[in-house]
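# Breakdown of the fold
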Amino acid sequence: MAQRETWTTRAGFVLAAVGSAVGLGNIWQFPFKTAENGGAAFVLVYLLAAVLIGLPTILGEFAIGRRAKLNAVEAFDRLDHPAWTVVGGLGLFTGLWILSYYSVVGGWVIRYTIGSLTGGYFGGTAAYFGAVSAGWEAIAFHALFMALTAGIVAFGIEDGIEKATKLMVPSVVLMLVGLAVYAFTLDGSGPAYSYYLSPDMDYLANNLGSVIPFAVSQAFFSLSLGMGAMITYASYLSDDDSLPADGGLVVGLNTLIGVLAGLVVIPLLFVQFSQIPETAAGGGPGALFVSVAQVFGGLGITGRILGALFFFVVLIAALSSAISLLEVVTAYCVDRYEWNRMATAFGFGGVLFLLGTLSAWDTAWLGWFDTLAYSVLLPASVLLGVIFVGWVYGPEAVEEMEKGADGAGQYATLWIWWLRTVVFVGVLVTLYLGVTSIYA
Ligand code: PFF
Ligand code: NA
């Protein structure tokens, strides 16, 4: 087998992991899922889920990947637990499932980058969104997004992924802070802040059964868990790196960027609609494209430039996430069958493009793919991974966690017990509530 690539620097790994984590989940999805699930109550449960469940889980995936130094499927084999390769397989499937519609939304972002330059949506963002989010145009831009993703993956981790993510994080933060400050100065944004930041405990108490599973699954989606992505990226990592430090950084940055995006989108929705709009075009999946786009639309020529910049940065964030999904299957086929990297990346990109045309044709399909991912695939895949790390791989996982971790290593035992109890129960409940919600 050919010599495996590694990250050239520690920052390379952290940035790529952050690049995988930070994406449409934070900027597009988190704000509208918050708006659909009671505002601040959802934010509160999400923050708890990210720290109490997401962080220990991501550490588990890092520990698998770095020890095995192999793709997310064969990693289980190399750790001498071949039966558990099904967990890797389920993760791989979940990631591909998600990528099929993630790419459709990525296509919308490309469309809006161009639409900003031409002023295409300046006449009315809701109508524009309705026109470009489904149908032939959506399919064309979905194809373009998928081709870009496959193109980057084809170049391999050093030249493609590492470089593509270096500039993304600082620019995302900068743009979101700027827009959040701007939204704050607008008339009518005031009520958004109590909606977004002050939890309605009655709402929470009455809707716990839906808020919990959505928030926990949102944390998984947002942290790229249960899809082999973090296992794969950690497999290119060297042994002197501190997993707890890297995990903390990834979870922290990812959470920060989600919260920031909410501080942009939710106030802008209030400015435009004086409440959270119920229609699919104004709220829901359209929220980002209607509310934020509206601001640029009102700013004339400046708006064209700012809008193009903003959507371009969102595009980079989406691409650096999408490549981590496609990298999972590519790494597998390259490691295992010695397939050509370029052919593998474009081959799977093509298949997923075809699957995604359903979501691009009609947003109802997109919603269905998303619901199945959230309610069943993600929690099921994470649950199996947690069982594996907690019980099957436990002592070795602890050893791996201590490696290169300095002072943080002494908490490794606490971590494994936390995984076996709090995380296990939390994910089990999430899966149960998710599966039963499908039949409701
Ligand atoms: N974490 C990404 C986001 O929040 O947009 C989405 C994602 C990327 C999910 C990569 C899964 C993954 F493997
Ligand atoms: Na994310």
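Everything quoted here is computed from the prediction, not taken from an experiment. (Residues numbered from 1 in each chain as written. Chains lettered and ligands numbered in written order. Predicted model: local features only at pLDDT ≥ 70, side-chain atom pairs only at ≥ 80, totals over all residues.)

## Here's the deal with the site of ligand 1
Around ligand 1, a shell composed of 16 residues is seen, among which Gly23, Gly25, Ser224, Ala229 and Ser321 lie nearest. Sorting the residues of the shell around ligand 1 by element identifies α1 (10-21), α2 (24-36), α5 (85-118), α12 (208-222) and α16 (300-337) as the ones contributing at least two each. Looking at the shell around ligand 1 residue by residue, the class counts come to seven nonpolar, nine polar and no charged. (Near = placed C-beta within 6 Å. Helix = DSSP H or I, 4+ residues; strand = E, 2+ residues; numbered from the N terminus. Nonpolar A, V, L, I, M, F, W, Y, C, P; charged D, E, K, R; others polar.)

## Points about the nonpolar core
Nonpolar side chains tend to gather and get buried jointly when the protein is soluble and globular. Of all hydrophobic cores here, the largest spans 165 residues; its most connected members are Ala215, Val264 and Leu326. Among the elements that make up this core, the one with the highest residue count is α16 (18 residues). Not counting chain neighbours up to four residues away, the residues in contact with leucine 326 comprise Leu99, Thr149, Ala150, Val153, Ala345, Phe348 and Gly349. (Core = buried A, V, L, I, M, F, W, Y, C linked by C-beta atoms within 7 Å. Buried ≥ 20, exposed ≤ 12 C-beta atoms within 10 Å, placed from the backbone. Contact = placed C-beta atoms within 7 Å.)

## Side note on the confidence of the model for the protein
Looking at the protein as a whole, the pLDDT averages 91, with 95% of positions reaching at least 70. Across the whole predicted complex the pTM is 0.93, and at the interface the ipTM reaches 0.96. (pLDDT = per-residue confidence, 0-100.)

## Quick notes on unusual backbone geometry
Its identity as a non-glycine residue notwithstanding, aspartate 80 has a phi of 70°, on the positive side. Inspection of the secondary structure assignment puts aspartate 80 in the loop between α4 (74-78) and α5. Positive phi values are uncommon outside glycine, yet serine 224 reaches one of about 60°. In this fold, serine 224 is placed in the loop between α12 and α13 (229-234). Given 30 C-beta atoms within a 10 Å radius, serine 224 is considered buried.

## Details of the packing of α16 against helix α17 (residues 341-361)
α17 packs onto α16 with a crossing angle of 135° between their chain directions and a minimal axis gap of 9 Å. The pairing of α16 with α17 is recorded here as oblique in orientation. Seen along the crossing, α16 lies across α17 with a hand that is right-handed. Between α16 and α17, the contacting residues are Leu326, Val329, Thr330, Cys333 and Val334 on the first element and Arg341, Thr344, Ala345, Phe348 and Gly349 on the second. (Axes fitted to C-alpha atoms, helices over the stretch in contact; angles between N-to-C directions. Parallel < 35°, antiparallel > 145°, perpendicular 65-115°, else oblique. Left-handed = near helix turned anticlockwise from the far one by under 90°.)

## Regarding α2
The terminal C-alpha atoms of α2 lie 17 Å apart, and with 13 residues this matches the ideal 18 Å at 1.5 Å per residue to within 8%. Maximal helix bending in α2 amounts to about 40°, located at phenylalanine 30; proline proline 31 follows within four positions. Counting buried positions along α2 yields 12 of 13 residues, so the element is predominantly enclosed. Buried residues of α2: Leu24, Gly25, Asn26, Ile27, Trp28, Gln29, Phe30, Pro31, Phe32, Lys33, Thr34 and Ala35, and no others. Those residues of α2 hidden inside the fold are in contact with α3 (40-68), α5, α12, α14 (243-273), α15 (287-297) and α16. (Expected span 1.5 Å × (residues − 1). Bend = angle between axes of the 7 residues up to and from the residue.)

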